[in-house]
Amino acid sequence: MMDDDEDGDTIIADDLSIDGNENSTNNEITSAEAAEHRYAKQRYRSWMSMLIISTFVCSVLIASVKFFAPGRFSSEEDTTTTYDIFGSGDNGMGDSANQRRLEDALDYLVTKEVSDVMTLLPNNTMSPQYMAAIWISSIDQHRINIPKADGTTSKDEYPFLQRYSLAVLFLSTGGMSWIYRLNFLSGTHECAWFTVFRSDDLPPDQGYAMGAWCDKNPGTLTERDQDDNLWESAIVTDIHLLPNNNAVGRLPSELRHLRYLKTLRIYEQAFIVGEIPSGYGDLRNLQILDLESNQLGGPIPSSFKYLNKMTLLNLRRNRLTGISADAINQMDKLAALALDSNMIPGKLPEFNLPNLLGLTLSDNAFTGQIPISMAGLSNLEMLALDHNKLTGSLDILEGMTHLTHVYLDNNKWDHEINDGFFAGHDNITHLDMSNCSIRGIVPDHFFKFPKLEVLDLSRNLLGGDLPGPSIASTNDTTTKLQYLSLHSNNITGPIPQGISKLKSLKHLDLSVNKMIGSINEELGELKGLEYLFLGNNDFFAGKFPAWLQNLTNLEELSLKNNNLNGEIPEWIGELTRLVLLDLGENFLNGTLPDSMGDLTKLWILILNSNNLRGSIPSSFRQLEYLETLLIDDNSFKGNTAPVCEGRGMDRITHFVSDCASNSSTSATAVSGSIGGWEDPVLAEIECECCTLCCLDEDITCNDDEWIAHHEGHWQSGYERVYWDFEENGIVSEVTDAYDTLAQAWGLP
């Protein structure tokens, strides 16, 4: 984050998005202008490629630049000004002088092994290294001194290496196609190779700096200071490339020469491929390395053992295939290690990192048990081992009482939990042990954890009653539990009395268990509920719960297969925030209330397998976002025009009704009509946009469960990101969502 008085261009863009403010002026940019600049850059890049491949000597290059272009590109960072990339064509020097500078630069780069010699041969002028050598020696307006290969000008070496290495970074990652070029190769000192992005979450005079910046504030380096050579002593310490900036290519090994670098962030670039250069082990001052969400493969370099100042290593969401625990263990200051969502196989590494606060190894191919050495991570606060193939006991975690966020889900643990499990872990905030084969009961002390916000024990083998006394004794003014998911277990007994004490609950899922009794009306006091799933239990038969009228914040409600009878009440239309409503497989009767048309946010409406009758209300024309509608196995009549008409190409993804007939003479008979009955069975309802027409007598039609559970993930903040039903009626799992590491760890 930088103040407004610093050098480098500034862009106003909400949340660092590509599209700028529509009313932008000066340092703002519109999306239309950005598109025009991208098109202009593509033309210049094509021209440059043809230019360089056709020339081997600097004089020809300069002459070509003079002829083909005016020497200036429009900057997308500032639509009212331009800055030099190729300069005026002669950078203030003659062609012969530029030729000598190029020869000196190549001589130094080869002799000092700054770059691979193969990238600097005259027949490889398309390499980023050769292009950078041409630029820095013959085109760059800064006219930096070229050091001698014999070492007689050693004071010129680091400034040259710094500028050259950053130029190689720009060219190795397709800088000419970046959406924002961040002032790279602008002719200014590299301390000004950044752009400040404004954001609503910062004061007006501050913004996020993206690019490269130095240990000295570039805003204090005036032209007079440049004469005093203060610029030359400024050292780049931070590189933070703008995410999703259309970078394409590989990470260059030349960055290893930036030996004073403290922070390197190149993340969320979908086309950055290859391996992490082993030379990055030379960055002995590096404290933060963030290469998240690229396409990097291969193992983590063993040379990382020299990075003993590292505090944050984030390599998540890549294609890494190996890790050396011995190398990582040399980073004794490491506080956060994120390796989740890679392709690393084998046993869990045995880390010995006394200062480690966060460790994420999720979504890999780890097998076996938790190593005993993990007990030595005594300061660990966040542990994510989910979505692997891990087995064995969880006893090793019992002594790690600093844990706050624990994600063990989607493994095959051999563990039984009881009232002693995690009894001393009062710091627990998130505990996710869903779908991991655990047995036992839901411990009563879980509801006494003072900081607990997320508890997910769904899809396991847990039994017994819920701990009513512990829930009833909860302090309703201090409880922080927001997410409670216990679905798909063998839990028995009623919904506990006192559940209304859990005032912070937003998500409650008790479905697919063996719970009995009446549905506890205390649930109506949980006014903050946004998600309530109670279906597929053995609750007593009863009317549609009247207390639901109080839960106006509900976004998802499922009462599937709950022995409900009677009519759907008219007040259902007051729950206007509903996105999902599942009342399927009950004994509801009567007609659909007109007020259901007021549920204009509905995406999913499941009403199948009831005793509903009548026609589809005309108010259903208001349900323009509806994507899934199941009304089969009822007694509806008429047609589905209120749903089908006016949608154009925006058809419902899943629409099932009793619109089939086994009579070929029926107007609604389906192709390959269903037989097997002596008497004709006509369609009950006409439907022009249904994706499946069922025959009223066919019990096998649409017999899928249409499971709509929300399977929470820590990576998505336990919020639903999108909906998608698979063919078998199971909601597709959400795996791509925003990152919450920073909030969880409290780290930069």
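Attention here is on the structure that accompanies the text. (Residues numbered from 1 in each chain as written. Predicted model: local features only at pLDDT ≥ 70, side-chain atom pairs only at ≥ 80, totals over all residues. Heavy atoms only, no water.)

**Digging into the packing of aromatic side chains**
- Scanning the entire structure with this criterion turns up 17 aromatic pairs.
- Centroid distance Phe160 to Tyr164: 6.1 Å. Interplanar angle 5 degrees. Geometry classified as stacked. With a gap of four residues between them, Phe160 and Tyr164 both fall in helix H5 (residues 157–172), about one helical turn apart.
- Centre to centre, the rings of Tyr531 and Phe533 are 4.3 Å apart; their planes meet at 10 degrees, and the pair counts as stacked. Exposure class is identical for Tyr531 and Phe533. Each is buried. (Phe/Tyr/Trp six-rings, centres within 6.5 Å; stacked < 30°, edge-to-face > 60°. Helix = DSSP H or I, 4+ residues; strand = E, 2+ residues; numbered from the N terminus. Buried < 20%, exposed > 50% of the residue type's maximum accessible area, 1.4 Å probe, protein only.)

**As for helix H4 (residues 128–139)**
- Among the 12 residues in H4, 11 count as buried, and that is most of the element.
- For H4, the complete set of buried residues consists of Gln129, Tyr130, Met131, Ala132, Ala133, Ile134, Trp135, Ile136, Ser137, Ser138 and Ile139.

**Overview of the pattern of salt bridges**
- What the rule picks out here adds up to 15 salt bridges.
- Residues Arg316 and Glu292 are paired through a salt bridge, measuring 3.1 Å at the closest nitrogen-oxygen approach. Of the two residues, Arg316 sits in the loop between strand S13 (312–314) and strand S14 (319–322) while Glu292 sits in the loop between strand S11 (288–290) and strand S12 (297–299), which places them 24 residues apart along the sequence.
- Overall, the relative accessible area of 0% leaves Arg316 in the buried class.
- On the basis of relative accessible area, Glu292 is assigned to the buried category, the value being 4%.
- The shortest N-O distance in the salt bridge between Lys560 and Glu585 comes to 3.9 Å. Residue Lys560 is located in the loop between strand S33 (556–558) and strand S34 (564–567), and its partner Glu585 is located in the loop between strand S35 (580–582) and strand S36 (587–590); the two are separated by 25 residues in the primary sequence.
- Taken together, the salt bridges that share partners define one network made up of Asp140, Arg163 and Glu190. (Salt bridge = Lys/Arg side-chain N within 4 Å of Asp/Glu carboxyl O.)

**What to know about the packing of H4 against H5**
- Between H4 and H5, the least distance of the axes is 9 Å, while the angle of their chain directions is 130 degrees. The angle between H4 and H5 falls in the class oblique. The element H4 and its partner H5 pack so that their crossing is right-handed. Residues Pro128, Gln129, Met131, Ala132, Ala133, Trp135 and Ile136 of H4 lie in contact with H5, whose contacting residues are Phe160, Arg163, Tyr164, Ala167, Val168, Leu171 and Ser172.
- Tallied by class, the residues present in the contact of H4 with H5 amount to 11 nonpolar, two polar and one charged. (Axes fitted to C-alpha atoms, helices over the stretch in contact; angles between N-to-C directions. Parallel < 35°, antiparallel > 145°, perpendicular 65-115°, else oblique. Left-handed = near helix turned anticlockwise from the far one by under 90°. Contact = heavy atoms within 4.5 Å. Nonpolar A, V, L, I, M, F, W, Y, C, P; charged D, E, K, R; others polar.)

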